[in-house]
Amino acid sequence: MKLVVQVRLLPTPEQTAALEATLHAVNQAANDVSRIAFTAGATREYDLRGHTYQDIKQRYGLGAQAAQHVIKKVADAYTTVKANLKARPRLARANGKPVVFRADAAQTYDDRCLSWQLEAGTVSIWTVAGRVKDVAFTCSPEQLKTLAAHRKGESDLICRDGMWFLLATCDLPDRPVAVPTAGFLGVDLGIANIATTSDGIRRSGKGLNAHRHRQRGLRRRLQAKATKSAKRLLKRRRRKEAKFAADTNHVIAKRIVTEAERTGRGVALEDLQGIRDRVRLRKPQRVTLHSWSFHQLGSFITYKAARAGVALVHVNPAYSSQECSVCHHVDKRNRPAQAVFKCTSCGFAEHADVNAARNIAARGVAGWAVSHAADDAA
């Protein structure tokens, strides 16, 4: 299992200047490579290397590995653009110009241009000013232990709000997945309730939605004021909402996985891929949908389940909110209100999200049985 460990760098002013110059150089080079890729239609890494490798090395003073990573970054960006266009055709109009990289966009390092001295708490890193040694870093004891035992592959250098970080890739051994002897814990994701389990536990989205509403209001007022102090405050607060949402999702994901592990169950999640393109809403509702971090919560549950050895299945969510979890009668009249479910066939009544979560749990059992029957047959 791949896991990313984030450590914070504590560079001196001289080291900071070298790191800043490096990010600016590699991203200027990436923009040059991107323009060539767009103009020549050569977006494959091998083709781009032939067109640009020697030029960007000489023009920007890049090392061999740094130049290779710049070219790969551009090729990967165009691969992502093509995949997004295939999945979301409405984005075609955004494909009429080259990909542009920010001056402080992340740069990838491998072990030939970045070395770790874990016991000393320092790194040695390549820059356009030469090799910079003894750059101090800080992290938690658990992160340090993970780095020492499992760090493998590349690391990304990023600058965020004036702070420097390294995102190190760690390759953890897969933990055997426990057979869910007690079925599945179904999880219904939503906006009014961020996550509702088939046990009837609801994680309300009221606090998170109120926090987002306050942040949007504050941003509007500061943007309208447009003073220097207002702009400084906007910059300091720009990631506050995202951090709050991520922390909320981490807590919810941990509780869900811990409960599934404690009770010998797996976790069944809705497959909500592409929901933003499928759903059509009025303009006032679009902000709420597009700030709904269901993908992040799902990814947190996925990796926490993998680390705990808890089985995870994704199921089709179609009609889960209209299906009775007792008699399985499907009718849109079964849900007369957002929070109310009442079956028109058998009369069963329950909170709508809890009923949907139970349907998801049942589909998880069926999905697990089908997938393992196929594995046995193979």
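Basis of the calculations
Residues numbered from 1 in each chain as written. Predicted model: local features only at pLDDT ≥ 70, side-chain atom pairs only at ≥ 80, totals over all residues. Heavy atoms only, no water. Helix = DSSP H or I, 4+ residues; strand = E, 2+ residues; numbered from the N terminus. Expected span 1.5 Å × (residues − 1). Buried < 20%, exposed > 50% of the residue type's maximum accessible area, 1.4 Å probe, protein only. Arc of directions from axis to C-beta. pLDDT = per-residue confidence, 0-100. Salt bridge = Lys/Arg side-chain N within 4 Å of Asp/Glu carboxyl O. Contact = heavy atoms within 4.5 Å. Phe/Tyr/Trp six-rings, centres within 6.5 Å; stacked < 30°, edge-to-face > 60°. Lys NZ or Arg CZ within 6 Å of the ring centre and 35° of its normal. Pairing = 2+ DSSP bridges. Axes fitted to C-alpha atoms, helices over the stretch in contact; angles between N-to-C directions.

So, about helix α10 (residues 294–308). Between its first and last C-alpha atoms α10 spans 21 Å; for 15 residues at 1.5 Å apiece the expected length is 21 Å, and the two agree. Those residues of α10 that fall on the buried side of the exposure criterion are F294, L297, G298, F300, I301, K304, A305 and A308. Around the axis of α10, the buried residues are gathered within 160° of arc, so they sit on the same side. Just downstream of α10, G309 is the residue with a positive phi angle, here 75°.

In regions of low pLDDT, the predicted coordinates are not meant to be interpreted in detail. When pLDDT is averaged along the protein, the result is 87, and 90% of the positions lie at 70 or above. Considering each helix and strand of the protein separately, the mean pLDDT is smallest for helix α8 (residues 275–278), with a value of 49, and largest for strand β4 (residues 122–127), with 97.

Right, let's get into the pattern of salt bridges. Two side chains carrying opposite charge are able to pair once their charged atoms lie near each other. By the definition in use, this model includes 18 salt bridges. A salt bridge links D171 to K2; the shortest N-O distance between them is 3.6 Å. Taken as a pair, D171 in strand β7 (residues 163–171) and K2 in strand β1 (residues 2–10) lie far apart in primary sequence, 169 residues in all. When its relative accessible area of 58% is taken as the criterion, K2 is described as exposed. A salt bridge links K72 to D76; the shortest N-O distance between them is 2.9 Å. Of the two residues, K72 and D76 both sit in helix α3 (residues 64–87), four residues apart, roughly one turn of that helix. Owing to a relative accessible area of 31%, K72 belongs among the partly exposed residues under this scheme. Connected through salt bridges with shared partners, the residues D32, R35, D55 and R59 form a single ionic network.

What follows concerns the environment of C113. When you line up the elements, C113 lands in the loop between β2 (107–109) and β3 (114–117). Residues C113 and Q65 lie 48 residues apart in sequence; the distance between their C-alpha atoms is 7.3 Å. Apart from residues no more than four positions distant in its own chain, C113 is found in contact with Q65, S124, I125, W126 and R131.

Attention now goes to the packing of aromatic side chains. Under the criterion given, the structure shown has three aromatic pairs. Here the aromatic rings of W116 and F137 are separated by 5.5 Å at their centres, their planes lie at 75°, and the arrangement is edge-to-face. Of this pair, W116 sits in strand β3 while F137 sits in strand β5 (residues 130–138), placing them 21 residues apart in sequence. Considered together, W116 and F137 belong to a single accessibility category, that of buried residues. Between the aromatic rings of F184 and W368, the centroid separation amounts to 5.9 Å while the plane-to-plane angle is 55°, which identifies the pairing as tilted. Separated by 184 residues along the polypeptide, F184 in strand β8 (residues 184–189) and W368 in helix α11 (residues 352–377) bring together distant segments of the chain. Owing to a relative accessible area of 7%, F184 belongs among the buried residues under this scheme. On the basis of relative accessible area, W368 is assigned to the buried category, the value being 18%. Seen from the ring of F165, R160 lies directly overhead, with NZ or CZ sitting 4.8 Å from the centre.

Bringing the pairing of strand β11 (residues 266–270) into the picture now. Across the five residues of β11, five count as buried, placing the element largely inside the fold. Of the two faces of β11, the one carrying G266, A268 and E270 and the one carrying V267 and L269 are both buried. Relative to β11, β8 is paired through four bridges, and the arrangement is parallel. In the sheet register, L185 faces β11, and the bridge partner there is V267. Looking at chain direction, β11 and strand β12 (residues 312–315) are connected through four bridges and run parallel. Within β12, the residue paired with A268 across the bridge is V313.

With antiparallel pairing, the seven strands of this open sheet are ordered in space as β2-β6-β7-β1-β5-β4-β3. Either end of the sheet is taken by a strand with one partner, and the two such strands are β2 and β3. Each strand of the sheet is rotated relative to its neighbour by a mean of 35°, with strand direction disregarded. Of the pairings in the sheet, the one linking β1 to β5 comprises three bridges and is antiparallel in character. Bridging across to β5, L9 finds its partner in F137. Running over the sheet, α3 touches β2, β4 and β6 (151–160) and is turned about 130° from β2.

With that settled, consider the sheet that holds β11. The strands making up a sheet are joined through hydrogen bonds of the backbone, oriented either antiparallel or parallel. With mixed pairing, the five strands of this open sheet are ordered in space as β10-β9-β8-β11-β12. A single partner strand is all that each edge strand has here, and the edge strands are β10 (202–204) and β12. Direction aside, the axes of adjacent strands within the sheet are offset by 20° on average. The strands touched by helix α7 (residues 240–262) within the sheet are β8, β9 (193–197), β10 and β11, with β9 carrying the most contacts at an inclination of about 0°.

Attention now moves to unusual backbone geometry. Positive phi outside glycine occurs at D161, with the angle close to 55°. In this fold, D161 is placed in the loop between β6 and β7. Positive phi, close to 65°, is recorded for Y319, a residue that is not glycine. Taking relative accessible area as the criterion, Y319 reaches 55% and is therefore assigned exposed.

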